[in-house]
Amino acid sequence: MSATETTGQPVPVDLGTLLTSRIRDVPDYPRAGVVFKDITPLLADAAAMTALVEALAALAVRHQVDKVVGLEARGFILAAPVAVRADVGFVPVRKAGKLPGECLSQAYALEYGTAEIEVQRDAFLPGERVLVIDDVLATGGTAEASVELVRRAGAEVAALAVLMELAFLQGRTRLETVLAGAPLEALVTV
Ligand SMILES: O=P(O)(O)OC[C@H]1O[C@H](OP(=O)(O)OP(=O)(O)O)[C@H](O)[C@@H]1O
Ligand SMILES: Nc1ncnc2[nH]cnc12
């Protein structure tokens, strides 16, 4: 996206500013007291989505990953085009009961509930390097469970990337131990 100066020349807009401008706050959703970060305006904006996918694909390349993992459901929307752009495979981590065949499961709590996620046991070759992608890091429960699950499936978590980190919920601190030095990349922090 670009703004237009009085000269008529396009001026590049900072990525963080662009992404933030396309994420909408929805108070008291899905529960009273939660401010929900709605990414649908960003998904509907081709220029913003392109910039987001390019930034995440650059991380996949920089961290030399073999696979990109997306977390159901919003993580899928970001991770699948990133995998294509980075020319690596995509692996879905799904809510329990959705994947066929032998799966590994991990239960967890998130900002507004509890859930269980699964990955197929044969999703990775041993030691494959993986970039885990999600839209929002809130309490870190989902990210923590996914990192543990991916490791249990035999892969190495090279990095975890999120579109938006809600810093006041301290997910980054919670993830320090499980990440064990693997970087947490947040494109936007609020
Ligand atoms: O850091 P946490 O407190 O764990 O919260 C973050 C998670 O919450 C949302 O997922 P949700 O389970 O609502 O799934 P959705 O993508 O299917 O809407 C979001 O997409 C993250 O995965
Ligand atoms: N506040 C929030 N907005 C969007 N997704 C979330 N997942 C967990 N907390 C969230």
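What you see is a predicted model, and the numbers here were worked out from it, not measured in a lab.

Rules used in this analysis
- Residues numbered from 1 in each chain as written.
- Chains lettered and ligands numbered in written order.
- Predicted model: local features only at pLDDT ≥ 70, side-chain atom pairs only at ≥ 80, totals over all residues.
- Heavy atoms only, no water.
- Near = heavy atom within 4 Å.
- Polar contact = N/O pair within 3.5 Å; in protein donor to acceptor, adjacent residues only side chain to side chain.
- Areas by Shrake-Rupley, 256 points an atom, 1.4 Å probe, with all protein chains shown as cover.
- Helix = DSSP H or I, 4+ residues; strand = E, 2+ residues; numbered from the N terminus.
- Nonpolar A, V, L, I, M, F, W, Y, C, P; charged D, E, K, R; others polar.
- Pairing = 2+ DSSP bridges.
- Axes fitted to C-alpha atoms, helices over the stretch in contact; angles between N-to-C directions.
- Contact = heavy atoms within 4.5 Å.
- Salt bridge = Lys/Arg side-chain N within 4 Å of Asp/Glu carboxyl O.
- Buried < 20%, exposed > 50% of the residue type's maximum accessible area, 1.4 Å probe, protein only.

Participant: A description of the site of ligand 1 should follow, citing residues and the corresponding values.
Facilitator: Close to ligand 1 lie 16 residues, the nearest being Tyr112, Asp134, Asp135, Thr139 and Thr142. Residue Arg74 places a side-chain N or O atom 3.0 Å away from an oxygen atom belonging to ligand 1. Residue Lys95 places a side-chain N or O atom 3.2 Å away from an oxygen atom belonging to ligand 1. Bound to the protein, ligand 1 loses 87% of the 510 Å² it would expose on its own. Elements with a minimum of two residues in the shell around ligand 1: β9 (129–137) and α5 (141–152). A total of four residues in the shell around ligand 1 trace back to one element, the largest contributor, which is β9. Residue classes in the shell around ligand 1 are distributed as six nonpolar, four polar and six charged.

Participant: Before we move on, could you go through the sheet that holds strand β6 (residues 89–95) and cite the residues and values that matter?
Facilitator: Taken in spatial order, the seven strands line up as β7-β8-β6-β5-β9-β10-β11 in an open sheet, and their pairing is mixed. Strand pairing shows two members of the sheet lacking a second neighbour, β7 (103–110) and β11 (184–189), which therefore form its edges. Averaged over all neighbouring strand pairs, the angle between strand axes comes to 25°, with direction disregarded. Relative to β9, strand β5 (residues 67–71) runs parallel, the two sharing four bridges. Looking at the pairing, Gly70 lines up with Ile133 of β9. Seen against the sheet, helix α3 (residues 46–62) touches β5, β9, β10 (156–165) and β11 and runs at an angle of roughly 160° to β11. This element, α5, spans β5, β6, β7, β8 (113–120), β9 and β10 of the sheet and lies at about 165° to β7.

Participant: Any details on the pattern of salt bridges? Residues and values, ideally.
Facilitator: Per the counting criterion, the structure on display carries twelve salt bridges. The shortest N-O distance in the salt bridge between Asp25 and Lys37 comes to 2.6 Å. With a gap of twelve residues between them, Asp25 in strand β3 (residues 24–27) and Lys37 in strand β4 (residues 35–38) connect regions that are remote in the sequence. For the salt bridge of Glu54 with Arg85, the shortest nitrogen-to-oxygen distance reads 2.5 Å. Of the two residues, Glu54 sits in helix α3 while Arg85 sits in helix α4 (residues 74–86), which places them 31 residues apart along the sequence. Look at Glu54 and you get partly exposed, because its relative accessible area is 35%. Overall, Arg85 belongs to the partly exposed group, its relative accessible area being 49%.

Participant: So what's going on with the site of ligand 2? Residues and values would help.
Facilitator: Near ligand 2 you find Val34, Val35, Phe36, Lys37, Arg74, Glu111, Tyr112, Val136, Ala138 and Leu166, and these make up its full shell. Within the backbone of Val35, one N or O atom sits 2.9 Å away from a nitrogen atom of ligand 2. Tyr112 places a polar side-chain atom, nitrogen or oxygen, 3.2 Å from a nitrogen atom of ligand 2. Protein burial of ligand 2: of its 260 Å² of free accessible surface, 95% is covered by the chains.

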